Amino acid sequence: MSPRVLLLPVAAIYWAVTCVRNWLYNIHVLPSRTFSKPVICVGNITVGGTGKTPVIESIASLLVAQGKRVAVVSRGYRRKSRGLIIAKVNTPAQMIGDEPRQIKSHLPMVDVIVDSDRAAAIDTAIERGADVVLMDDGMQHRSVTPSALILVCDYARPLWRDFPLPAGNKRESMYCRLRADAVVVNKCPASLSINEAEEIFRHLSLNDGQRIFFTSIAYANFISSDGNALSDSALAQRGAVAVAGIGRPKPFFDEVRQRLDNSQLKTLAFADHHVFSAQDLKHIEALLDEAGPDSVLVTTEKDATRLPAQIASHTVASLPIKLDVLLGDSHKFNELITHFASSPYTK
């Protein structure tokens, strides 16, 4: 049993406070804004590691391909700046946050705007001509009422088995899942069966009209910081050290071990959004030196935004990911996103 269970009395207080807050928004005692353009919120209930960023990138890519002008707004978690910033392709992660930096690098045609005041960021996005705004991690930011809310859940951390903070990892009661227009159960195994999907659906017990999709994370080829592809075999010959500062690093480490056929791969895990210090970099460099003079640091795309392009003489490579919609529902998912992006708040 986790020692966090001892914090259940505190979690009960936290749960009560969040329930009262949500109730005040539901009965319109606390004000919430709507907007003249569609605002699609991609959020979660579980803290960290649900995979919202690939969901946002997948949605943004779809809408851009349809000719939409898309903006992404985010608070820019753990950035070292204040106020509203409109990201440029070369804006460092320290100024806008690692996830906005990743989104901007992948989708330079998309406006990425960071501000702790999401409403102000949305206003700016619309003023700049956005046809649709994607709000990153805004499910608990209820002063904004989105036209559509997509809840992203982690397959490996079922909501019905978790507790509220600080005893568990839930920001809100599981009841809040019913606010979502669609639920994405992310990071599923690619081989997910229909029977298991139906079992998850039963546990979530969604309302009529709520849609559910099951997705997995697919890994692409290793990419060095200078943009060159690195094959699995070449990387295995050179030696590697894997570093990750994400919510749940185990799947990433497992993927790298499998790809490099190296059960003894040295790994180093940090907290989500970790800011790498000079001491951290020295430690990483020492591990790389042990792995060999030509060894490569392998990391996630998000961590790559916070790491130098090279550590001493060692190459830094990232492992890109993309979202796969399972069970043949890709077309239905795209249709729903197109519908969400077609009109502003109408509820």
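A brief report on the enclosed structure follows. (Residues numbered from 1 in each chain as written. Predicted model: local features only at pLDDT ≥ 70, side-chain atom pairs only at ≥ 80, totals over all residues. Heavy atoms only, no water.)

**Comments concerning the pattern of salt bridges**
And then number 1: Counting across every chain of the model gives 19 salt bridges.
And then number 2: A salt bridge links aspartate 294 to arginine 238, with the shortest nitrogen-to-oxygen separation between them at 3.1 Å. In this pair, aspartate 294 sits in the loop between helix H9 (278-291) and strand E13 (296-300) while arginine 238 sits in helix H7 (residues 232-238), placing the two residues 56 residues apart along the sequence.
And then number 3: On the basis of relative accessible area, aspartate 294 is assigned to the partly exposed category, the value being 42%.
And then number 4: The exposure class assigned to arginine 238 is partly exposed, which follows from its relative accessible area of 23%.
And then number 5: In this structure, the salt-bridge partner of lysine 302 is aspartate 272, at a minimum N-O distance of 2.7 Å. Linking lysine 302 in helix H10 (residues 301-304) with aspartate 272 in the loop between strand E12 (266-269) and H9, this pair joins segments that are 30 residues apart in sequence.
And then number 6: Judged by relative accessible area, which is 10%, lysine 302 ranks as buried.
And then number 7: Connected via shared salt-bridge partners are Arg75, Asp137 and Arg171. (Salt bridge = Lys/Arg side-chain N within 4 Å of Asp/Glu carboxyl O. Helix = DSSP H or I, 4+ residues; strand = E, 2+ residues; numbered from the N terminus. Buried < 20%, exposed > 50% of the residue type's maximum accessible area, 1.4 Å probe, protein only.)

**Things to note about unusual backbone geometry**
And then number 1: Cis geometry is adopted by the peptide bond preceding proline 166, which originates at leucine 165 and carries an omega value of -5°.
And then number 2: Within the fold, proline 166 resides in the loop between strand E6 (148-154) and strand E7 (182-186).
And then number 3: Positive phi, close to 55°, is recorded for aspartate 137, a residue that is not glycine.
And then number 4: Along the polypeptide, aspartate 137 turns up in the loop between strand E5 (132-136) and E6.
And then number 5: The phi torsion at leucine 327 lies on the positive side, around 60°, for a residue other than glycine.
And then number 6: Looking at where leucine 327 falls in the secondary structure, it is placed in the loop between strand E16 (321-325) and helix H11 (330-340).

**Brief notes about the environment of leucine 287**
And then number 1: Considering the arrangement of structural elements, one finds leucine 287 in helix H9.
And then number 2: Exposure remark for leucine 287: the relative accessible area of 14% places this residue in the buried category.
And then number 3: Separated by 97 residues in sequence, leucine 287 and alanine 190 have C-alpha atoms that sit 33 Å apart.
And then number 4: When neighbours within four sequence positions are excluded, leucine 287 is seen to be in contact with Val241, Lys266 and Leu268. (Contact = heavy atoms within 4.5 Å.)

**Brief notes about the layout of surface pockets**
And then number 1: When its volume is computed, the largest pocket comes out at roughly 830 Å³.
And then number 2: As for the largest pocket, its lining consists of 37 residues, and the residues nearest its centre are Gly49, Thr50, Gly51, Lys187 and Ile246.
And then number 3: Sorting the residues of the lining of the largest pocket by element identifies helix H2 (52-65), helix H4 (98-106), strand E8 (211-219), helix H8 (250-260) and H10 as the ones contributing at least two each.
And then number 4: No other element matches the four residues that H8 contributes to the lining of the largest pocket.
And then number 5: Residues that form the lining of the largest pocket fall into these classes: twelve nonpolar, eleven polar and 14 charged.
And then number 6: Its volume calculated, the second largest pocket comes out at about 620 Å³.
And then number 7: Along its surface, the second largest pocket is lined by 26 residues, and Tyr25, Asn26, Arg142, Thr145 and Arg179 are the ones closest to its centre.
And then number 8: Mapped by element, the contributors of at least two residues to the lining of the second largest pocket are helix H1 (8-26) and E6.
And then number 9: Among the elements that line the lining of the second largest pocket, the one with the most residues is H1, at five residues.
And then number 10: Counted by class, the lining of the second largest pocket contains 15 nonpolar, seven polar and four charged residues. (1 Å grid on protein atoms, 1.4 Å probe; cavity = no way out; pocket = protein on both sides within 12 Å on 5 of 7 lines; lining within 4 Å. Points joined across faces, edges and corners; volume = space filled by probe spheres on them. Nonpolar A, V, L, I, M, F, W, Y, C, P; charged D, E, K, R; others polar.)

**So, the packing of H2 against H11**
And then number 1: At a closest axis distance of 10 Å, the pairing of H2 and H11 adopts a crossing angle of 70°. Taken together, the axes of H2 and H11 lie roughly perpendicular to each other. In this structure, H2 contributes Ile59, Leu62 and Leu63 to the contact, and H11 contributes Phe333, Asn334, Ile337 and Thr338.
And then number 2: Partitioning the contact of H2 with H11 into residue classes produces five nonpolar, two polar and no charged. (Axes fitted to C-alpha atoms, helices over the stretch in contact; angles between N-to-C directions. Parallel < 35°, antiparallel > 145°, perpendicular 65-115°, else oblique.)

**Describing the packing of aromatic side chains**
And then number 1: One pass over the structure, following the stated rule, counts three aromatic pairs.
And then number 2: Consider the rings of phenylalanine 213 and phenylalanine 333, whose centres lie 5.3 Å apart with planes at 80°: the pair is edge-to-face. Taken together, the positions of phenylalanine 213 in strand E8 and phenylalanine 333 in helix H11 put the pair 120 residues apart, joining distant regions of the chain. Each member of the pair, phenylalanine 213 together with phenylalanine 333, is buried.
And then number 3: Plain terms: the ring middles of phenylalanine 252 and phenylalanine 253 are 5.7 Å apart, the flat faces sit at 50° to each other, and that makes the pair tilted. Assigned by exposure class, phenylalanine 252 and phenylalanine 253 land together as buried. (Phe/Tyr/Trp six-rings, centres within 6.5 Å; stacked < 30°, edge-to-face > 60°.)

**Examining the pairing of E7**
For a regular strand, side chains alternate in direction, first toward one face of the sheet and then toward the other.
And then number 1: Of all five residues that make up E7, five are buried, and the element is covered over most of its length.
And then number 2: Alternating residues of E7 divide into Ala182, Val184 and Asn186 and Val183 and Val185, and every residue in both groups is buried.
And then number 3: In this sheet, E7 lies alongside E6 in parallel orientation, the contact comprising five bridges. By the bridge assignment for E7, valine 152 is matched with valine 184.
And then number 4: Strand direction decides the pairing type here: E7 and E8, joined by four bridges, are parallel. The residue bridging alanine 182 from the neighbouring strand is arginine 211, located in E8. (Pairing = 2+ DSSP bridges.)

All we've got here are geometric facts, nothing functional implied.
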